[in-house]
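The primary structure of each chain is shown beneath.
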Amino acid sequence: DAKTTQPTSMDCAEGRAANLPCNHSTISGNEYVYWYRQIHSQGPQYIIHGLKNNETNEMASLIITEDRKSSTLILPHATLRDTAVYYCIVRVAGGNNRLAFGKGNQVVVIP
Amino acid sequence: DTEVTQTPKHLVMGMTNKKSLKCEQHMGHRAMYWYKQKAKKPPELMFVYSYEKLSINESVPSRFSPECPNSSLLNLHLHALQPEDSALYLCASSQGYGGRDTGELFFGEGSRLTVL
């Protein structure tokens, strides 16, 4: 699976959109981009995933560049409960089912 | 029911003890996972079961022994552990049916293990 690069940490203002970047320049054509988050002392939580089109669900939006070498997770209106470590992962859907976490991005939402 | 339930939530054991961690899901998922997470580190994959058969073992020491007695249950048997094995152990499940598997993993809250 391709590796990803994320900021180590970032702060976001409560009520504002939070834009979380991820680089995955070695992504393969059959690899999806997945986003998970882990709130302190809880298990990781799936947020969203996509292949090449932009995706939106009730939690977030995922914007993938045309060359697929980077993506941005957008939390439209950050709340204090969005404070978490966010993981960007690239992976073949199904297949060998290996989901490998990188170091992640510690996001702190500030009042 | 979209829950993965792990028991116990906390476990303290000595290096000579034998204990087990349990994980249960009732979503009809056919793939189940064990991850280990040390403090301030990302989760590390240990094992993957697909259709109740072990499909991935990430070179985990034999003192950790997984078992999948049926499609809803996953156990992790612990024996002769070391203090450095103290960690949060996370269980997860996914659909696991080939082309219908979106890759979304559902995680439990974890079992926090302390080895004395």
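Here's a quick rundown of the structure.

Observations concerning the overall build of chain B
Okay, so step 1: Each helix and strand in chain B was counted, giving zero helices and 11 strands.
Okay, so step 2: Reading the helices (α) and strands (β) of chain B from amino to carboxyl end gives β-β-β-β-β-β-β-β-β-β-β.
Okay, so step 3: The C-alpha radius of gyration computed for chain B amounts to 14 Å, which stays within 12% of the reference 13 Å derived for 116 residues, consistent with globular compactness.
Okay, so step 4: With the C-alpha coordinates of chain B rotated into their principal frame, the extents come out at 45 × 25 × 25 Å.

What to know about unusual backbone geometry
Okay, so step 1: Cis geometry is found at the peptide bond from T7 of chain B to P8 of chain B, where omega equals -10 degrees.
Okay, so step 2: Considering the arrangement of structural elements, one finds P8 of chain B in the loop between β1 (4-7) and β2 (10-13).
Okay, so step 3: Positive phi, close to 65 degrees, is recorded for R68 of chain A, a residue that is not glycine.
Okay, so step 4: Using a relative accessible area of 10% as the deciding quantity, one classes R68 of chain A as buried.
Okay, so step 5: Despite not being glycine, A80 of chain B has its phi angle at roughly 55 degrees, a positive value.
Okay, so step 6: Topologically, A80 of chain B is positioned in the loop between β8 (73-79) and β9 (87-94).
Okay, so step 7: Residue A80 of chain B is classed as partly exposed on the basis of its relative accessible area of 31%.

Describing the interface of chain B and chain A
Okay, so step 1: Tallying the contact residues gives 21 residues for chain B and 20 residues for chain A.
Okay, so step 2: For the pair chain B and chain A, the summed buried area comes to about 1,600 Å², and 52% of that belongs to carbon and sulfur atoms.
Okay, so step 3: The interface formed by chain B and chain A holds one salt bridge in total.
Okay, so step 4: The interface formed by chain B and chain A includes four residue pairs in polar contact (both at pLDDT 80 or more).
Okay, so step 5: At the level of elements, β4 (31-37) and β5 (44-50) of chain B are the ones that each hand at least two residues to the side of chain B that touches chain A.
Okay, so step 6: Looking at the side of chain B that touches chain A, the element that brings in the most residues is β4 of chain B, giving four residues.
Okay, so step 7: Of the residues in the side of chain B that touches chain A, the class split is 11 nonpolar, five polar and five charged.

Focus on the side chain of Q37 of chain B
Okay, so step 1: Within the fold, Q37 of chain B resides in strand β4.
Okay, so step 2: Side chain to side chain, Q37 of chain B and Q38 of chain A meet in a polar contact 2.8 Å long.
Okay, so step 3: Residue contacts for Q37 of chain B: discarding those within four places in its chain leaves Q38 and Y87 of chain A together with P42, P43, A87, L88 and L90 of chain B.

A word on the sheet that holds strand β7 (residues 64-70) of chain B
Residue and element names in this part refer to chain B.
Okay, so step 1: Spatially, four strands are ordered β1-β3-β8-β7 in an open sheet, and the strand pairing comes out antiparallel. The sheet is open, and its two edges are formed by β1 and β7, each paired on a single side. Across the sheet, the mean angle from the axis of one strand to that of its neighbour is 20 degrees, orientation sign disregarded.

Quick word on the pattern of salt bridges
Okay, so step 1: Under the criterion given, the structure shown has five salt bridges over all chains.
Okay, so step 2: R98 of chain A is the partner of E58 of chain B in a salt bridge, and the nearest nitrogen-oxygen pair spans 3.0 Å. Separated into two different chains, E58 of chain B in the loop between β6 (53-57) and β7 and R98 of chain A in the loop between β8 (84-92) and β9 (105-110) make up a pair that spans both.
Okay, so step 3: We note a salt bridge from E52 of chain B to R30 of chain B, for which the minimum N-O separation is 2.6 Å. You can see E52 of chain B sitting in the loop between β5 and β6 and its partner R30 of chain B sitting in the loop between β3 (18-25) and β4, a full 22 residues away along the chain.
Okay, so step 4: Overall, the relative accessible area of 25% leaves R30 of chain B in the partly exposed class.
Okay, so step 5: Through salt bridges with shared partners, one network takes in K36, R63 and D85 of chain B.

Looking at the state of the cysteines
Okay, so step 1: Applying the stated criterion across every chain yields a total of two disulfides over all chains.
Okay, so step 2: Across the disulfide, C22 of chain A is cross-linked to C88 of chain A (sulfur-sulfur distance 2.1 Å). Between C22 of chain A and C88 of chain A the disulfide shows an S-S torsion of about -85 degrees. By sign, it is left-handed. Taken together, the residues span a long stretch of sequence, with C22 of chain A in strand β2 (residues 18-23) and C88 of chain A in strand β8 at a distance of 66 residues.
Okay, so step 3: The exposure class assigned to C22 of chain A is buried, which follows from its relative accessible area of 2%.
Okay, so step 4: Each sulfur of the disulfide joining C23 of chain B and C91 of chain B lies 1.9 Å from the other.

Criteria and cut-off values
Residues numbered from 1 in each chain as written. Chains lettered and ligands numbered in written order. Predicted model: local features only at pLDDT ≥ 70, side-chain atom pairs only at ≥ 80, totals over all residues. Heavy atoms only, no water. Helix = DSSP H or I, 4+ residues; strand = E, 2+ residues; numbered from the N terminus. Rg over C-alpha atoms; globule rule 2.2 N^0.38 Å. Buried < 20%, exposed > 50% of the residue type's maximum accessible area, 1.4 Å probe, protein only. Contact = heavy atoms within 4.5 Å. Buried area = accessible area lost by both parts, 1.4 Å probe. Salt bridge = Lys/Arg side-chain N within 4 Å of Asp/Glu carboxyl O. Polar contact = N/O pair within 3.5 Å; in protein donor to acceptor, adjacent residues only side chain to side chain. Nonpolar A, V, L, I, M, F, W, Y, C, P; charged D, E, K, R; others polar. Pairing = 2+ DSSP bridges. Axes fitted to C-alpha atoms, helices over the stretch in contact; angles between N-to-C directions. Disulfide = S-S within 2.5 Å.

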